[in-house]
Amino acid sequence: MHDTRTIFHVDMDSFFASVEQQARPELRGIPIAVSGDPKSRTVVAAASREAKRFGVRSGMAIHDARSRCPQIRFILGDPDKYVHISRAAIDIFHEFSDQVEIWSIDEAFLDVTGWVASHACDVCQEQSERRHRTDLVRSCGAITIAREIKQRFLNVFGPAITCSIGIAPNKRLAKAGSDFYKPDGTVFVFTDTPPTIHSIAGERVRLLRRDHMLNQLDLGDLCGIGARIESRLHSLGIATVGQLATTPVQLLVEHFGMHGATLHDMAIGNDDAAVVTEDAAPKSVGHGATLPRNLLTIDEVGAVVAELAEKVAARLRRYDFLGGTIHATLRYHRFTSHTEQKALAVSTDDGLRIGEVAMNILRRWPWTHPVRYVGIRVSGLIPARPAQASVFPHDERWQRAVRSMDCVNARYGDWTVQRGSVSLHERFLRKVAAAFRATRHLKEGRTLS
Ligand SMILES: [Mg+2]
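Conventions we followed
- Residues numbered from 1 in each chain as written.
- Predicted model: local features only at pLDDT ≥ 70, side-chain atom pairs only at ≥ 80, totals over all residues.
- Heavy atoms only, no water.
- Helix = DSSP H or I, 4+ residues; strand = E, 2+ residues; numbered from the N terminus.
- Buried < 20%, exposed > 50% of the residue type's maximum accessible area, 1.4 Å probe, protein only.
- Contact = heavy atoms within 4.5 Å.
- Areas by Shrake-Rupley, 256 points an atom, 1.4 Å probe, with all protein chains shown as cover.
- Pairing = 2+ DSSP bridges.
- Donors = N, O, S within 2.8 Å, 3.2 Å for Na, K, Ca; no water.
- Core = buried A, V, L, I, M, F, W, Y, C linked by side-chain atoms within 4.5 Å.
- Disulfide = S-S within 2.5 Å.
- Axes fitted to C-alpha atoms, helices over the stretch in contact; angles between N-to-C directions.
- Phe/Tyr/Trp six-rings, centres within 6.5 Å; stacked < 30°, edge-to-face > 60°.
- Lys NZ or Arg CZ within 6 Å of the ring centre and 35° of its normal.
- Expected span 1.5 Å × (residues − 1).
- Parallel < 35°, antiparallel > 145°, perpendicular 65-115°, else oblique.
- Left-handed = near helix turned anticlockwise from the far one by under 90°.
- Nonpolar A, V, L, I, M, F, W, Y, C, P; charged D, E, K, R; others polar.

Engineer: Any chance you could explain the overall build of the protein chain here in plain terms?
Structural biologist: What the protein chain contains, in helices and strands, is 17 helices and 16 strands. Within the protein chain, the fraction of its 449 residues that count as buried is 53%. The contacts in the protein chain between residues at least 6 apart in sequence include a share of 68% that link residues at least 24 apart. Just so you have it, the protein chain exposes about 20,700 Å², and 51% of that area is on carbon and sulfur atoms.

As structure tokens, this is what we get:
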């Protein structure tokens, strides 16, 4: 139903390193790594594209980076600079869509569905009207927007700060796409027939069929498949995304429960998650599951509710929130759905309590249709405890933040944390700042070698 959307994932290339190279031209064209104090147990926060050619990656230990690339220069990170550029980039994204989801300090999703037609060239606009081919304006407009974003980056930031853009009908495919032609590339992911785009000769644009793209990924590249799930898939003889895509859903469900269907969705690139904009109030945390088979009784649904409630509660605890209102949703096999909510007297992050309240809601409903989807959501969030100053050690946790921030929201792909994304963004920025500040005893901006 959502396949007519046009979603962008914009990912700034080698972000911290590019910002340094833009600020200091003498660093351009050479391998550099941004980090904390290389004499302490810190890791590479970002490697320049020149350093990446030697195999240096973010999250890598300093001594590993140096042994791969002896001439690498280590630059002490400067969070204020990165925050400044990140904010300016967000302003640029807002020139092209009012639906911008900030995903991390250097990544965002844009829903440009409503904006492509006005960006398409005259020829495509005219052709599309005459031949009723909306796909023409969609592809032409999308490529034009991508081109204009890159031009704005060049004008505002300069040549060293570039971005890669994935264009697709959903977030999952867009995110995979932006990774496919780095740096400074644009990847247009299509499903059936390649789009007719008449003006991309000589540009860094690739048109990729979705299954062709997905088949080139490793299981671990799919956001949400961690090492444990990957090894369980391996033990089932599933080693590639292509194999996962052709595995019967039923088999996956037998081994992974309700997440089996989601794993399958990941492999075929299905995703109907919305781009969540800044003002997505009220804040809520939710989990939902499309069921492998229709459920017919309240008892069957109870087992699913219990598991979803535990997951919601785990997320609440992870984000240090208590929830005050429980929402339960059932979607029936004819795609009608029903949602109801109940306010609690006392806010909670207890999965049992959340599950109980959800079941109390569901028991009151007339049980007339087979159920194909169950969702539990908690809103009315309040902080579980007063805010604490965040100390952010700059080795293992730092590595995790840099490398997995983009996966934090997509463990199984089907649950969502709806939040004021700016505040999440701000929280991330503060962590970045704290990590670098731990090494402020070194002179600011000094080059370390
Ligand atoms: Mg990036």
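Engineer: Which parts of the structure should I look at to understand the pairing of strand β6 (residues 107-111)?
Structural biologist: A regular strand carries its side chains on alternate faces of the sheet. Most of β6 is tucked away, with five of its five residues classed as buried. Burial along β6 is two-sided: E107, F109 and D111 facing one way and A108 and L110 facing the other are all buried. When strand β1 (residues 7-12) meets β6, the two strands line up antiparallel, connected through five bridges. Across the sheet, H9 pairs through a bridge with F109, a residue of β6. By the bridge criterion, four bridges tie strand β5 (residues 100-104) to β6 in an arrangement that is antiparallel. When the bridges of β6 are listed, V100 appears paired with L110.

Engineer: What is the right way to read the coordination of the magnesium ion from this model?
Structural biologist: Tetrahedral metal sites with four donors have an ideal angle of 109.5 degrees; octahedral sites with six donors have ideal angles of 90 or 180 degrees. Coordination of the magnesium ion by the protein is provided by D11 (OD), M12 (O) and D106 (OD), with metal-donor distances spanning 2.2 to 2.4 Å. Read N to C, the donor residues that coordinate the magnesium ion are spaced as D-M-x93-D. Under the relative-accessibility criterion, D11 is labelled buried at 11%. The exposure class of M12 is buried, given its relative accessible area of 2%.

Engineer: I'm lost on the nonpolar core in this one. Help?
Structural biologist: Within soluble globular proteins, side chains that are nonpolar generally end up buried alongside one another. If you look at the biggest cluster of nonpolar residues, it comprises 42 residues, and the most contacted ones within it are F8, M12, F93, L110, I149, F153 and F157. Among the elements that line this core, the one with the most residues is helix α7 (residues 134-157), at seven residues. The residues touching L110, leaving out its near neighbours within four places in the chain, are T6, I7, F8, V10, F93, F96, Q99, V100, I149 and V275. Judged by nonpolar contacts, the second largest core, of 32 residues, contains I326, A328, A358 and I361.

Engineer: Any chance you could explain the state of the cysteines here in plain terms?
Structural biologist: Using the criterion set out here, one finds zero disulfides in the structure. The cysteine C121 is free of any disulfide, with C140 supplying the nearest cysteine sulfur at 3.7 Å.

Engineer: Please explain the sheet that holds β6 as it appears in this structure.
Structural biologist: Strand pairing in a sheet takes place through backbone hydrogen bonds and is either antiparallel or parallel in direction. Ordered in space as β5-β6-β1-β7-β8-β9, the six strands form an open sheet in which the pairing is mixed. Two strands close off the open sheet at either side, each with one partner strand: β5 and β9 (205-209). Put simply, the sheet's adjacent strands are angled 20° from each other on average, direction ignored. Relative to strand β7 (residues 163-168), β1 runs antiparallel, the two being bridged by six bridges. Each bridged residue has a counterpart across the sheet, and for I7 the counterpart in β7 is A168.

Engineer: Any chance you could explain the environment of L316 here in plain terms?
Structural biologist: Relative to the helices and strands, L316 resides in helix α14 (residues 298-318). Sequence-wise, L316 and D349 are 33 residues apart; in three dimensions their C-alpha atoms are separated by 5.9 Å.

Engineer: Just checking my understanding: could you explain the packing of aromatic side chains for this structure?
Structural biologist: By convention here, two paired aromatic rings are described through the distance between centres and the angle between planes. Under the counting rule described, the total for this entry stands at six aromatic pairs. Judged by centre distance (5.1 Å) and plane angle (90°), the rings of F153 and F157 are edge-to-face. Taken together, the residues F153 and F157, both in helix α7 and four residues apart, mark about one turn of the helix. Across the ring face of Y181, the terminal group of R206 is positioned such that the distance to the ring centre comes to 3.9 Å.

Engineer: Just to check I follow, could you spell out unusual backbone geometry for this structure?
Structural biologist: As a rule of thumb, non-glycine residues mostly have phi less than zero, and peptide bonds are mostly trans rather than cis. A cis amide bond links K182 with the next residue in sequence, P183, at an omega value of -10°. Looking at the secondary structure, you find P183 in the loop between α8 (171-178) and β8 (186-190). Non-glycine residue S14 carries a positive phi angle of around 40°. Relative to the elements of secondary structure, S14 occurs in the loop between β1 and α1 (15-23). Of note, H132 is a non-glycine position whose phi angle comes to about 55°, a positive value. In this structure, H132 sits in the loop between α6 (122-131) and α7.

Engineer: Where do I start with the environment of L214 in this structure?
Structural biologist: Relative to the assigned elements, L214 resides in helix α9 (residues 210-215). The exposure class assigned to L214 is buried, which follows from its relative accessible area of 4%. Distance from L214 to T240, taken between C-alpha atoms, is 9.4 Å for residues 26 residues apart in sequence. Beyond its immediate stretch of four places on either side in the chain, L214 contacts L173, L222, V241, M266, A267, I268 and G269.

Engineer: Just checking my understanding: could you explain α14 for this structure?
Structural biologist: The α-helix advances 3.6 residues per turn, and as a result positions three or four apart in sequence lie on the same side. For α14, which comprises 21 residues, the first-to-last C-alpha distance of 30 Å matches the rise-based estimate of 30 Å (1.5 Å per residue) to within 8%. Turning to α14, its buried residues are V301, G302, V304, V305, L308, A309, K311, V312, A313, R315 and L316. With its phi angle positive at about 60°, D320 sits one or two positions after the end of α14.

Engineer: Is there a simple way to think about the pairing of β1 in this case?
Structural biologist: The buried count for β1 comes to six of six residues, which makes it a mostly enclosed element. Residue alternation in β1 divides its side chains into two sets, I7, H9 and D11 and F8, V10 and M12, and both sets are buried.

Engineer: Can you help me understand the packing of α14 against helix α15 (residues 351-363) in this one?
Structural biologist: Between two packed helices, what matters for the description is the angle formed by their axes and the separation of those axes. One can describe the packing of α14 onto α15 by two numbers: an axis separation of 8 Å at closest approach and a directional angle of 140°. Accordingly, the angle class assigned to the pair α14 and α15 is oblique. Every pair of crossing elements has a handedness; the one defined by α14 and α15 is right-handed. Across the interface between the two elements, I298, V301, G302, V305, A309, E310, V312, A313, L316 and R317 from α14 touch G351, L352, I354, G355, A358, M359, L362 and R363 from α15. Considered class by class, the residues forming the contact of α14 with α15 number twelve nonpolar, three polar and three charged.

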